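Letter by letter, the chains look like this.
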Amino acid sequence: RARNVVEGGQLLGQAIVAAARTIPGQRVTWASMTFPRAADFDDPVVIHVDPARQGRTFSTVATRSEQRGKLVAPALILMDAGSPDSFRGSDALPQVPGPDESEPYDMGVTGRNLRIAGGAYSPDPARVGPPEIHAWMRWRDDPGELSVRQALVAQASTHWTIAAGMLPHAGFGEAEAHESLSTGPMAVSISFHDDAPLDRWFLYTPRATWSGQGLVHGESRVWSGDGTLMASYSLQAMVRSRLAGAGSRDGATTM
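So, how was this worked out
- Residues numbered from 1 in each chain as written.
- Predicted model: local features only at pLDDT ≥ 70, side-chain atom pairs only at ≥ 80, totals over all residues.
- Heavy atoms only, no water.
- Phe/Tyr/Trp six-rings, centres within 6.5 Å; stacked < 30°, edge-to-face > 60°.
- Helix = DSSP H or I, 4+ residues; strand = E, 2+ residues; numbered from the N terminus.
- Buried < 20%, exposed > 50% of the residue type's maximum accessible area, 1.4 Å probe, protein only.
- Contact = heavy atoms within 4.5 Å.
- Salt bridge = Lys/Arg side-chain N within 4 Å of Asp/Glu carboxyl O.

> Describe the packing of aromatic side chains, listing the residues and the values that go with them.
Enumeration over the complete set of coordinates arrives at four aromatic pairs. Ring geometry for Tyr105 and Tyr121: centres 4.9 Å apart, planes at 55°, overall tilted. Of this pair, Tyr105 sits in the loop between β5 (103–104) and β6 (112–116) while Tyr121 sits in the loop between β6 and β7 (135–139), and the two are 16 residues apart along the sequence. For Tyr105, a relative accessible area of 30% translates into the label partly exposed. By relative accessible area, Tyr121 is classed as buried at 8%.

> Now, about the side chain of Thr161: what can you tell me, with residues and values included?
Counting through the fold element by element, Thr161 comes out in helix α3 (residues 161–166). Leave out the neighbours within four places in its chain, and Thr161 touches Pro206, Ala208, Val216, His217, Gly218 and Leu235.

> Could you give an account of the pattern of salt bridges, with specific residues and numbers?
In the structure shown here, the tally under the stated rule is eleven salt bridges. The salt bridge involving Arg64 is made with Glu66; its shortest N-O contact spans 3.0 Å. For Arg64, a relative accessible area of 39% corresponds to the partly exposed category. Given a relative accessible area of 14%, Glu66 falls into the buried group. In this structure, Arg115 and Asp100 form a salt bridge, with 3.8 Å as the shortest nitrogen-oxygen distance. Of this pair, Arg115 sits in strand β6 while Asp100 sits in the loop between β4 (70–80) and β5, and the two are 15 residues apart along the sequence. Taken together, the shared-partner salt bridges connect Asp40, Asp43 and Arg68 into one network.

> So what's going on with unusual backbone geometry? Which residues, and what values?
Phi is positive for Arg68, which is not a glycine, with a value near 55°. Its place among the elements puts Arg68 in the loop between β3 (58–67) and β4. Residue Arg68 is classed as exposed on the basis of its relative accessible area, which comes to 54%.

This is the structure we're talking about:
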């Protein structure tokens, strides 16, 4: 059932593009955003950009995403003019089923193809497994602008961590989100590494590393299909009983 709530990763992606267009000679290397209030898609979100410090090598940009005059998502963004490698290394692409062996999943996003290894992103509360989800993604078109590619990578960073946290626990599933449970991202931090085309398959590997006290924490890497490490991120999210959230069905009241 569709909810009138803007995806947290969408707000993060918009802030990344806003910062990059404010300081066009540098690229975003790190961004962090918190979500103190849910935004809905009935009204525009206004982004205020503050180049807190613009340097020749590194710059720091603060953004404030507001709706109807109220703060919904502040962000801090680090930008870099770039440098040759002093040395180079990264984690290796994990051995997981490829996109051809994974199950299609439609989240209603135009121009995006999504497949989940083993069908692990499931609404079935009886499904139990390790606290991890492997999601292959491919966009119909590859944007020419680097910051837009980064924004599209960031857009999905708030998708799967909560579901991964539920997987080891019988009786909990995505069908409970926004029904018996109030769920939502509270903070995300992403680092961008190498670039890769987005009209070819690339892989997210979110794993919930801790859950309890009404929160879930998780970490993920994002790889291209040929093993290029594109990004890393961490997410903290809320998972609370509706009764604990004053009857809220979408997390807005709880937050």
